[in-house]
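# Tertiary structure, described
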Amino acid sequence: MLRNKSVAIVGGGPGGLTLARLLQLKGIQVKVYERDVSKEVRVQGAIVDLHFDSGLRVIAAAGLMDAFKASYMPGADKFRLVDKDGNMLLDEHAKEGNPDFGDPHFRPEIDRGALRNILLDALMPGTVVWNSQLTAMEQVGDAWQLSFNNGTAAVADVVIGADGYRSKVRPYVTNIKALYSGATIIQGEIEEPEKECPEMYTLLQQGNLIAMGAGKSIAAQPRGDGGLTFYASSLYPENWVSTSGIDFNNSEEVYAWLESYYQGWSPVFLSLFKACTRFVPRPLNYFPLDQYWNAQPNITLIGDAAHLMPPSGEGVNTAMLDAWDVCECLTDGKYTDIPAAIAAYEQQMRARAVVLGKEALDSIKDFAAPSEESVQAMIQQLGAG
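In short, a report on the structure. The residue numbering used here restarts from 1 in each chain and proceeds along that chain's sequence as written. Since the coordinates come from a predicted model, pLDDT governs what is reported: local features require at least 70, and pairs of side-chain atoms require 80 or more to be given and counted, while whole-chain, interface and lining totals use all residues. To obtain the side-chain values, all non-hydrogen atoms of the structure were used and water was disregarded.

### What about the overall build of the protein?
- Helices and strands together make up the secondary structure of the protein, namely 13 helices and 17 strands.
- Every radius of gyration here is taken over C-alpha atoms, with the globule rule written as 2.2 Å times N^0.38, N being the number of residues. The C-alpha radius of gyration computed for the protein amounts to 21 Å, which stays within 12% of the reference 21 Å derived for 385 residues, consistent with globular compactness.
- Structurally, the protein occupies a C-alpha span of about 65 × 50 × 35 Å along its principal axes.
- Here the protein, with 385 residues, has 52% of them falling under the buried criterion.
- Whether two residues touch is decided by their heavy atoms; if any such pair falls within 4.5 Å, the residues are in contact. Considering only residue pairs separated by 6 or more positions, the protein has 72% of its internal contacts joining residues 24 or more positions apart.
- Accessible surface area values rest on a Shrake-Rupley calculation with a 1.4 Å probe, where residue burial reflects the displayed protein chains alone. Carbon and sulfur atoms provide 48% of the accessible area of the protein, an area that totals close to 17,600 Å².
- In this tally, Lys and Arg are treated as positive and Asp and Glu as negative; His is ignored, and so are the chain termini. By convention, the point assigned to a charge is CZ for Arg, NZ for Lys, CD for Glu and CG for Asp. Between the averaged position of the 32 positive side-chain charges in the protein and that of its 47 negative side-chain charges there is a distance of 5 Å. Here a helix means four or more residues in a row that DSSP labels H or I, a strand means two or more in a row labelled E, and each is numbered from the N terminus. Here the term buried applies to any residue with accessible area under 20% of the maximum for its type, exposed to any over 50%, and partly exposed to those in between, with areas from a 1.4 Å probe on protein chains only.

Structure follows, in C-alpha cells:
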C-alpha cells in the first residue's frame, strides 16, 4: 500500500524513531520532522525501562538488540523503597540472583539519550529533519502539506503524529482534550549528585528509589551521564502551578516551599532539593479512557499524542508497541487500503490504552499521595515480583 508513497512522522522521540526504523526495514520512504535543532540540544531525561513483551520485543524486531545490550545500564533496574526518614522498606539490591535478557521479569534500564542515539544511528542518513516544529497542516489533494516554524514545508501521503501530548497533529485527528489526574510532580535535575548531595547519591545506589510519606512522595533515578533526576509528587488542585504563587523559575523560592512542604522528612531529601537549580512543575494529565474518533484516511497518532496517561512505566514501551502495530497494519498485506489499515491499528491501540490507562489512573493516588496501607501494598506487590 505504501509503495511509491511518502510517510511523514512528526516527532523524534522513541516512538517516532522506532516507527521510522521499522518502516525503513520494509523499504518505505519516510522522514521524521523533529523540533529540536540537533540531537545534542538538550538532555533527554532520566532512564527508562523496556519490558519483555513490549519495548524489548520491538527492539529485537528492529534488529537493535545488540546495540541495546551495549548501551543499557546494568543494575539500574534495581529498586529501593524508603520511608520519609530514609528507613529501608524494600531493597532489591539485597536480593540474590539477577534476572537477565530472556527473563520476562527483566526490565533493563537505559538512558533516554542513549536509546535515542541507538534509534538515530539505525536510520538512513537524512531521515530526521531537525529544527522542524510543525505549525500547520493542509490537505492538498490526497496528501498533506506540512508547514514548519523555520519557514519550510513538506508534502507527505501519510502523516503520523508522534509528537507527545501537546501534539500539533492531534487536532487534525480529534478535538478530545486532556483531563487533569489530580496529581502534579515537581521535577528537578542535578548534574553532579555525588558531589552536590552525596548522601542521596549513596542511597540511590545508581538504581530507582521512591521515598513515601503521608500524602506525598519523592522518586529519583540516575541519568546515563552521571546526573540525577527526581520527582516530588503530591495531589494538588487543578491549575495549582499558576495559582500557587510560587515562581518556579526561582530555584531558591521553590526550595523554600519544598522545605516547608516536606517538613519532618529526613535531611537527605532536603539536600536533594537544595542541590537542584532548576525545577519544572508537571501536572499529570491524561486523555479520557473512552475517547473515540472516526479513523482518518491517511493520518493517525502514536504514543502520548494518542493516549496520554499518568506515569506508570508503560509510556515508552506503549509508544514502541504502537509503532510496531501501525507499521504492521500498513505493510503486512492484510488490509485492502491505507484507511482500513489505519482503522485497524487505531482499534488495537485504543483497546490496549484503555487497560494501561486505567491501571495508571488507579495507581496515581497511591504514588503521589500514599497512605500507610498503600505503602504496605506496594511492598507486598514488589516483594512478590
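### Comments concerning unusual backbone geometry
- Notably, N4 is not glycine yet its phi reads approximately 65°, a positive angle.
- For N4, the position within the fold is in the segment before β1 (6–10).
- Positioned with a positive phi, N239 is a non-glycine residue whose angle comes to about 70°.
- On the secondary structure map, N239 appears in the loop between β15 (228–235) and α7 (240–243).

### Considerations on the sheet that holds strand β17 (residues 299–301)
- Only when DSSP finds a minimum of two bridges between them are two strands counted as paired. Read across the sheet, five strands follow the order β7-β2-β1-β11-β17 without closing on themselves; strand pairing throughout is parallel. The sheet terminates laterally at β7 (128–129) and β17, the two strands that pair on one side only.

### Here we look at the packing of helix α11 (residues 315–331) against helix α12 (residues 338–368)
- The angle between two axes is taken between their N-to-C directions and runs from 0 to 180 degrees, where each axis is a line fitted to C-alpha atoms and a helix contributes only its stretch in contact. Packing of α11 against α12 brings their axes to within 8 Å, and their N-to-C directions diverge by 155°. Of the possible angle classes, the one that applies to α11 and α12 is roughly antiparallel. Where α11 crosses over α12, the two elements pack in a sense that is right-handed. Residues T318, L321, D322, D325, V326, C329 and L330 of α11 touch α12, and the partners they reach there are I338, A341, I342, A344, Y345, Q348, M349, R352 and L356.
- Partitioning the contact of α11 with α12 into residue classes produces eleven nonpolar, two polar and three charged. Working definition: roughly parallel below 35 degrees, roughly antiparallel above 145 degrees, roughly perpendicular at 65 to 115 degrees, and oblique for all remaining angles. A clockwise turn of the near helix away from the far one marks a right-handed crossing, whereas an anticlockwise turn of less than a right angle marks a left-handed crossing. Residues are sorted three ways: Asp, Glu, Lys and Arg are charged, Ala, Val, Leu, Ile, Met, Phe, Trp, Tyr, Cys and Pro are nonpolar, and all the rest, Gly among them, are polar.

### Points about the sheet that holds strand β13 (residues 208–213)
- The strand order across the open sheet built from seven strands is β5-β4-β13-β14-β15-β12-β16, with neighbouring strands paired in mixed fashion. Every other strand in the sheet has two partners, leaving β5 (88–91) and β16 (279–286) as the edge strands with one partner each. Going from strand to strand, the sheet's axes swing by 20° on average, the running direction of each strand aside.
- Alignment of strand β4 (residues 79–83) against β13, held across five bridges, turns out to be parallel. Within the sheet, the bridge partner assigned to R80 lies in β13 and is L209.
- Contacting β4, β12 (179–190), β13, β14 (216–222), β15 and β16, helix α9 (residues 267–275) crosses the sheet at an angle of about 110° to β15.
- The sheet strands contacting α12 are β12, β13, β14, β15 and β16, and the helix crosses β15 at an angle near 100°.

### Considering the nonpolar core
- If you look at the biggest cluster of nonpolar residues, it comprises 67 residues, and the most contacted ones within it are V7, I9, L19, L23, F68, L146 and V159.
- The leading source of residues in this core is α11, at eight residues.
- V159 has contacts with A8, V10, M137, W144, L146, V169, N298, I299 and T300, leaving out every residue within four places of it along the chain.
- Y180, I190, A232 and C276 belong to the second largest nonpolar core, which has 32 residues in total. Nonpolar cores are built from buried Ala, Val, Leu, Ile, Met, Phe, Trp, Tyr and Cys residues. Side-chain atoms within 4.5 Å join them into one set.

### A closer look at the pattern of salt bridges
- Just to be clear on terms, a salt bridge is a Lys or Arg side-chain nitrogen sitting within 4 Å of an Asp or Glu carboxyl oxygen. Summed over the entire model, instances satisfying the criterion amount to 13 salt bridges.
- Here R116 and D36 are joined by a salt bridge, their closest N and O atoms 3.4 Å apart. Separated by 80 residues along the polypeptide, R116 in helix α4 (residues 112–121) and D36 in the loop between β2 (29–33) and β3 (47–49) bring together distant segments of the chain.
- Residue classification places R116 among the buried residues on the basis of a relative accessible area of 6%.

### Re helix α1 (residues 14–25)
- By this rule the span expected of a helix is its residue count minus one, scaled by 1.5 Å. Between its first and last C-alpha atoms α1 spans 17 Å; for twelve residues at 1.5 Å apiece the expected length is 16 Å, and the two agree.
- Burial of α1 is extensive: ten of the twelve residues sit out of reach of the surface.
- Along α1, the residues that are buried comprise G15, G16, L17, T18, L19, A20, R21, L22, L23 and Q24.
- Remark: G27 follows α1 within two positions and exhibits a positive phi of approximately 80°.

### Concerning α4
- The element α4 is extensively covered by neighbouring structure, given that seven of its ten residues are classed as buried.
- For α4, the set of buried residues is G113, A114, L115, R116, I118, L119 and L120.

### Focus: the environment of S251
- Locating S251 in the fold gives a position in helix α8 (residues 251–261).
- Distance from S251 to C276, taken between C-alpha atoms, is 7.4 Å for residues 25 residues apart in sequence.
- Apart from the residues lying within four places of it in its own chain, the contact partners of S251 are C276, T277 and F279.

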